[in-house]
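Results of the structural survey
Now for the letters of each chain:
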Amino acid sequence: MDDIQLGFTENNVEYHIKATDEEVTVVAKINNITLTCTGDTFKGTIAEAKLLIKKIIE
């Protein structure tokens, strides 16, 4: 499988996703904060990034 790159913006947070056969990496950016999460699935890795961003900005 080729690498997949996706991106979206939600609640002023930019999410950039890169996936390979082995792992998914999500980079979340808001203001001057950048967070990187790596996992095995799209859903789980995106959820982890969203949870961590929520904890940081609250």
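We now turn to the structure provided with this report. (Residues numbered from 1 in each chain as written. Predicted model: local features only at pLDDT ≥ 70, side-chain atom pairs only at ≥ 80, totals over all residues. Heavy atoms only, no water.)

Let us look at the environment of Ala 28. Mapped onto the elements of the fold, Ala 28 is located in strand E3 (residues 24-30). By relative accessible area, which is 0% here, Ala 28 ends up buried. Spatially, the C-alpha atoms of Ala 28 and His 16 are 6.5 Å apart, while their sequence positions differ by 12 residues. (Helix = DSSP H or I, 4+ residues; strand = E, 2+ residues; numbered from the N terminus. Buried < 20%, exposed > 50% of the residue type's maximum accessible area, 1.4 Å probe, protein only.)

The next point concerns the environment of Lys 50. Residue position: Lys 50 is located in helix H1 (residues 42-57). When the C-alpha atoms of Lys 50 and Val 26 are compared, they prove to be 9.7 Å apart, with 24 residues separating the residues in sequence. For Lys 50, the contacting residues outside a window of four places in its chain are Phe 8, Glu 10 and Tyr 15. (Contact = heavy atoms within 4.5 Å.)

Pairing of E3 with strand E4 (residues 33-39), which is carried by 7 bridges, proceeds in the antiparallel orientation. Residue pairing across strands places Ile 30 opposite Ile 33, the latter belonging to E4. Here E3 folds back onto E4 in antiparallel fashion, the turn holding 2 residues, of which Asn 31 has a positive phi close to 50°. (Pairing = 2+ DSSP bridges.)

Attention now goes to H1. Its 16 residues give H1 an end-to-end C-alpha distance of 23 Å, which sits within 8% of 22 Å, the value for a rise of 1.5 Å per residue. Among the residues of H1, Thr 45, Ile 46, Ala 49 and Ile 53 are the ones counted as buried. Relative to the axis of H1, the buried residues are bounded by an arc of 95° and lie together on one face. Among the exposed residues of H1, those pointing more than 90 degrees away from its buried face are Lys 43 and Lys 55. (Expected span 1.5 Å × (residues − 1). Arc of directions from axis to C-beta.)

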